[in-house]
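# Residue-level structural notes
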Amino acid sequence: MEANYKNFGEFLHQKRIVKGMSYRDLASVLGVSAPYISDIEKDRRNAPSMDKLEKLAEVFLLSAEDKATMFDLAGQKKAEVAPDIPGYIMEHDYVASALRTARDLGASEKDWQSFVDDLRRRKG
């Protein structure tokens, strides 16, 4: 993660402030209420739905890294996988197979980093 945020609410708050938006401004863009935004920022509500997360990425002009951070924090709040991941797994059965294999073989962080580095070299 690019920056260390305590939770999704803190991430949202900081991005909203940097953008110079009020609760109402952001609520209007997302089609929700200002108290809803306030509750998320105060960590009293879960992160919004995937479509609203995508809208936030657009409004805040998030980098790929910040967008990944946002998704990770949104998933953590719900104690779930980041919301941008399940669709990819469901669309590609080999991904689920790879995850199961890694789990069954006890793949370490080093194993996964090696895999990611190899993919990046091939795509770069």
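Residues numbered from 1 in each chain as written. Predicted model: local features only at pLDDT ≥ 70, side-chain atom pairs only at ≥ 80, totals over all residues. Heavy atoms only, no water.

## Describing the packing of helix H2 (residues 23-30) against helix H3 (residues 34-41)
The contact between H2 and H3 brings their axes to 8 Å, and the two run at 105°. The angle between H2 and H3 places the two elements in the roughly perpendicular class. Across the interface between the two elements, Tyr23, Arg24, Leu26, Ala27 and Leu30 of H2 pack against Ala34, Ile37, Ser38 and Glu41 of H3. Taken together, the residues of the contact of H2 with H3 break down into six nonpolar, one polar and two charged. (Axes fitted to C-alpha atoms, helices over the stretch in contact; angles between N-to-C directions. Helix = DSSP H or I, 4+ residues; strand = E, 2+ residues; numbered from the N terminus. Parallel < 35°, antiparallel > 145°, perpendicular 65-115°, else oblique. Contact = heavy atoms within 4.5 Å. Nonpolar A, V, L, I, M, F, W, Y, C, P; charged D, E, K, R; others polar.)

## Section: helix H1 (residues 8-19)
In a regular helix each residue adds 1.5 Å, so 12 residues correspond to 16 Å; H1 covers 17 Å between its end C-alpha atoms and thus fits that length. Residues of H1 that are buried include every one of Phe8, Gly9, Glu10, Phe11, Leu12, Lys15 and Arg16, and no others. Close packing links the buried residues of H1 with H2, H3, helix H4 (50-59) and helix H5 (64-77). N-cap assignment for H1: the residue whose side-chain oxygen lies 3.0 Å from the backbone N of glycine 9 is asparagine 7. Two residues or fewer after H1 comes glycine 20, characterised by a positive phi angle close to 75°. (Expected span 1.5 Å × (residues − 1). Buried < 20%, exposed > 50% of the residue type's maximum accessible area, 1.4 Å probe, protein only. Polar contact = N/O pair within 3.5 Å; in protein donor to acceptor, adjacent residues only side chain to side chain.)

## Let's talk about the pattern of salt bridges
Applying the stated criterion to the full structure yields 10 salt bridges. Here lysine 67 makes a salt bridge to glutamate 54, at a shortest N to O gap of 3.0 Å. Pair noted here: lysine 67 is in helix H5 and glutamate 54 is in helix H4, with a separation of 13 residues, a long-range link. Assessed through its relative accessible area of 26%, lysine 67 is described here as partly exposed. A single network of salt bridges, built from pairs that share partners, joins Asp118, Arg121 and Arg122. (Salt bridge = Lys/Arg side-chain N within 4 Å of Asp/Glu carboxyl O.)

Just geometry here; none of it tells us what the structure is for.
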